[in-house]
Amino acid sequence: MAEKGGVDRTHSSAIPQKVTFWGLHFLIILFSSWLVLGDGAGLLERWGLRFTDPARAHILLACAVIYFLRHGLTLFYLLVRRIEWGEVFGLSAFFALFEIGLILVGGGVFREAPVAISALDLFAVVLYLSGSYLNTASEIQRKLWKADPSNKGRCYTQGLFSHSMHINYFGDVVLFTGWCLLTASFWTLVLPLMMLLLFMYVHIPPLDEYLAQRYGEEFKTYRAKTRRLVPFIW
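Residues numbered from 1 in each chain as written. Predicted model: local features only at pLDDT ≥ 70, side-chain atom pairs only at ≥ 80, totals over all residues. Heavy atoms only, no water.

(A) Inspection of the packing of aromatic side chains at higher detail. Scanning all chains against the criterion turns up 20 aromatic pairs. Judged by centre distance (5.7 Å) and plane angle (40°), the rings of Phe 31 and Trp 34 are tilted. On the criterion of helical spacing, the pair formed by Phe 31 and Trp 34 is a turn pair, its members being three residues apart in helix α1 (residues 15–37). A relative accessible area of 34% places Phe 31 in the partly exposed class. Aromatic pair Phe 98 and Trp 179: ring centres 5.3 Å apart, planes at 90°, arrangement edge-to-face. Separated by 81 residues along the polypeptide, Phe 98 in helix α4 (residues 85–106) and Trp 179 in helix α6 (residues 167–181) bring together distant segments of the chain. Across the pair, Trp 179 and Phe 98 agree in class, each one buried. Grouped by ring-pair contacts, the aromatic residues Phe 21, Tyr 67, Phe 94, Phe 95, Phe 98, Tyr 128, Phe 176 and Trp 179 constitute a single cluster. Over the aromatic face of Tyr 77 sits the side chain of Lys 143, whose NZ or CZ is 5.3 Å from the ring centroid. (Phe/Tyr/Trp six-rings, centres within 6.5 Å; stacked < 30°, edge-to-face > 60°. Helix = DSSP H or I, 4+ residues; strand = E, 2+ residues; numbered from the N terminus. Buried < 20%, exposed > 50% of the residue type's maximum accessible area, 1.4 Å probe, protein only. Lys NZ or Arg CZ within 6 Å of the ring centre and 35° of its normal.)

Okay, here's the thing in structure tokens:
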């Protein structure tokens, strides 16, 4: 098993796992939509809660839908490694926690009045869209480059990956920062902070070790001149 960075990197179609994963994510989106657009308000009221900031709830639902669509693209087009069932159910639970949780928090179920949309929210939208672009576009660039038989066995160092060795991970941190800012509850920024620390100290070190073993001197040269995660900084 080629396990590095906490995941099995053996190539596999893993169609049952991918279909199940996306299906569970679809159920999360359905439930979130029901909460915001359907009769979910009645359920909240029975629990003594209500959306005091429905505009933010709608914006956060849109963020979840975009993330769901990108997730499908990743699963069925970009991802070539094996997915274990534990990863499917574990990450599905995590998706439910943050997607539904951010809608509830941002929708104002824990505060008495709405927070007016401001320039900070526009900045948050820019972060969300920019991070989504960095993550998905970088993966597509690499996928297309790898599809060329002349690049087989070589390390991809071009495009967005020329600015950061793990620009896709950096995109995740950026998009989640924007997503959490849209809740107007700054304590939710703990989520992208934890994500950043996990990337820096848990996922990236063993992944770099794996890449060094796979690509040898080509990767070592790339690592010597490229930031690991945050362009121009680290």
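Read on, since the account is not over.
(B) Layout of the packing of helix α7 (residues 190–215) against helix α8 (residues 217–225). Across the interface, α7 lies against α8 with an axial gap of 6 Å and an inter-helix angle of 135°. One element, α7, and the other, α8, form an angle in the oblique class. Across from Asp 208, Leu 211, Ala 212 and Tyr 215 in α7, the residues of α8 making contact are Glu 217, Glu 218, Phe 219 and Arg 223. Looking at the contact of α7 with α8, its residues break down into four nonpolar, no polar and four charged. (Axes fitted to C-alpha atoms, helices over the stretch in contact; angles between N-to-C directions. Parallel < 35°, antiparallel > 145°, perpendicular 65-115°, else oblique. Contact = heavy atoms within 4.5 Å. Nonpolar A, V, L, I, M, F, W, Y, C, P; charged D, E, K, R; others polar.)

(C) Broad picture of unusual backbone geometry. Of note in the backbone geometry, Ala 184 takes a positive phi value of approximately 60° without being a glycine. Residue position: Ala 184 is located in the loop between α6 and α7.

(D) Just the nonpolar core, in detail. By size, the foremost hydrophobic cluster in this structure holds 61 residues, and its most contacted members are Phe 51, Tyr 67, Phe 98, Phe 176, Trp 179, Phe 219 and Leu 229. Elements with a minimum of two residues in this core: α1, α3 (54–78), α4, α5 (119–146), α6, α7 and α8. Excluding residues within four positions of it along the chain, Phe 98 makes contact with Tyr 67, Phe 176, Trp 179 and Leu 191. (Core = buried A, V, L, I, M, F, W, Y, C linked by side-chain atoms within 4.5 Å.)

(E) Representation of the environment of Arg 111. One can find Arg 111 in the loop between α4 and α5. Residues Arg 111 and Ser 185, spaced 74 residues apart in sequence, show a C-alpha to C-alpha distance of 9.9 Å.

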